[in-house]
Amino acid sequence: QVQLVESGGGSVRAGGSLRLSCVASGSTGTTTYCMGWFRQTPGNKRERVALLSTRGESTYYADSVKGRFTLSEDNAKNMVFLQMDNLKPEDTAMYYCAAVNTRPIADFRPSICPDVEYNSWGQGTQVTVSS
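Residues numbered from 1 in each chain as written. Predicted model: local features only at pLDDT ≥ 70, side-chain atom pairs only at ≥ 80, totals over all residues. Heavy atoms only, no water.

Chemist: Explain the overall build of the protein chain to me, please; I cannot follow it from the model alone.
Modeler: For the protein chain, the helix and strand inventory stands at zero helices and eleven strands. Taken from N to C terminus, the helices and strands of the protein chain fall in the order β-β-β-β-β-β-β-β-β-β-β. Taken over C-alpha atoms, the radius of gyration comes to 14 Å for the protein chain, in line with the 14 Å a tight globule of 131 residues would show. For the protein chain, the C-alpha atoms occupy an extent of roughly 45 × 30 × 25 Å along the three principal directions. The buried share of the protein chain, reckoned over its 131 residues, is 42%. (Helix = DSSP H or I, 4+ residues; strand = E, 2+ residues; numbered from the N terminus. Rg over C-alpha atoms; globule rule 2.2 N^0.38 Å. Buried < 20%, exposed > 50% of the residue type's maximum accessible area, 1.4 Å probe, protein only.)

Written as structure tokens, this is what we have:
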């Protein structure tokens, strides 16, 4: 089973910045097609924040974070990062690293990553933004 571990969360004032990191380990022999970040607040559904395809150049950002958050990856180190700038109180949430791991997919389209179910999850890292 693929293990995902996040770090970098914390408390920050509005307008500040944080950088989240996620490292993947424990290959199961499957292929990772998509990776990125979700977030969730108490009583609400988990929502997509930023997602990328490891088999293409496609990157997805939620409208609420476009222009403020930047998703990147380091394939050699099996890591993904989320640079969060100009943070707002509404960004307060538990942030989860996630991935799609499956057998080879015929005719894979990178643009599918925002629309599929993710099956590998980290434990979460808390981000709190005060005003």
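From this point, the narrative continues.
Chemist: Can you help me understand the packing of aromatic side chains in this one?
Modeler: By convention here, two paired aromatic rings are described through the distance between centres and the angle between planes. All chains considered together, the criterion is met by four aromatic pairs. When the ring of Phe38 is compared with that of Tyr118, the centres are 5.2 Å apart and the planes differ by 70°; the resulting orientation is edge-to-face. Here Phe38, found in strand β4 (residues 31–40), pairs with Tyr118, found in the loop between β9 (93–102) and β10 (120–121); they are 80 residues apart in sequence, far enough to count as distant. Of note, Arg46 hangs over the ring of Trp121, and the distance from its end group to the ring centre comes to 4.6 Å. Positioned above the aromatic ring of Tyr33 is the side chain of Arg55, whose terminal nitrogen or guanidinium carbon lies 5.7 Å from the ring centre. (Phe/Tyr/Trp six-rings, centres within 6.5 Å; stacked < 30°, edge-to-face > 60°. Lys NZ or Arg CZ within 6 Å of the ring centre and 35° of its normal.)

Chemist: Looking at this structure, I do not really get the nonpolar core. What am I missing?
Modeler: Side chains of a nonpolar character, in soluble globular proteins, are inclined to be buried together. Core analysis: the biggest nonpolar cluster contains 27 residues, and Leu4, Trp37, Val49, Phe69, Leu82, Met84 and Tyr95 have the highest contact counts within it. Breaking this core down by element, the ones donating at least two residues are β3 (18–25), β4, β5 (47–53), β7 (69–74), β8 (79–84), β9 and β11 (125–130). Excluding residues that lie within four positions of it along the chain, Leu4 makes contacts with Cys22, Val23, Ala24, Met35, Cys97, Ala98, Ala99, Ser120, Trp121, Gly122 and Gln123. Membership of the second largest hydrophobic core comes to nine residues, among which are Ala98, Phe108, Cys113 and Tyr118. (Core = buried A, V, L, I, M, F, W, Y, C linked by side-chain atoms within 4.5 Å. Contact = heavy atoms within 4.5 Å.)

Chemist: How should the side chain of Arg68 be read in this particular structure?
Modeler: Structurally, Arg68 is set in the loop between β6 (59–61) and β7. Polar side-chain contacts of Arg68 include one of 2.8 Å to the backbone oxygen of Ser64. Among the polar contacts made by the side chain of Arg68, one reaches the main-chain carbonyl oxygen of Asn86 at a distance of 3.0 Å. Residues contacting Arg68, with those up to four places away along its chain left out, are Gln83, Met84, Asp85, Asn86, Leu87, Lys88 and Asp91. (Polar contact = N/O pair within 3.5 Å; in protein donor to acceptor, adjacent residues only side chain to side chain.)

Chemist: So what exactly am I meant to see when it comes to the pairing of β5 here?
Modeler: Two faces belong to every sheet, and in a regular strand the side chains alternate between them. With five of seven residues buried, β5 lies mostly within the body of the structure. In terms of strand pairing, β4 meets β5 through six bridges, oriented antiparallel. Residue pairing across strands places Arg39 opposite Glu47, the latter belonging to β5. The antiparallel pairing of β4 with β5 creates a hairpin that spans six residues between the two strands, and Gly43 there sits at a positive phi of about 85°. Examined bridge by bridge, β5 and β6 share three bridges and lie antiparallel to one another. By the bridge assignment for β6, Leu51 is matched with Tyr60. The antiparallel pairing of β5 with β6 creates a hairpin that spans five residues between the two strands. (Pairing = 2+ DSSP bridges.)

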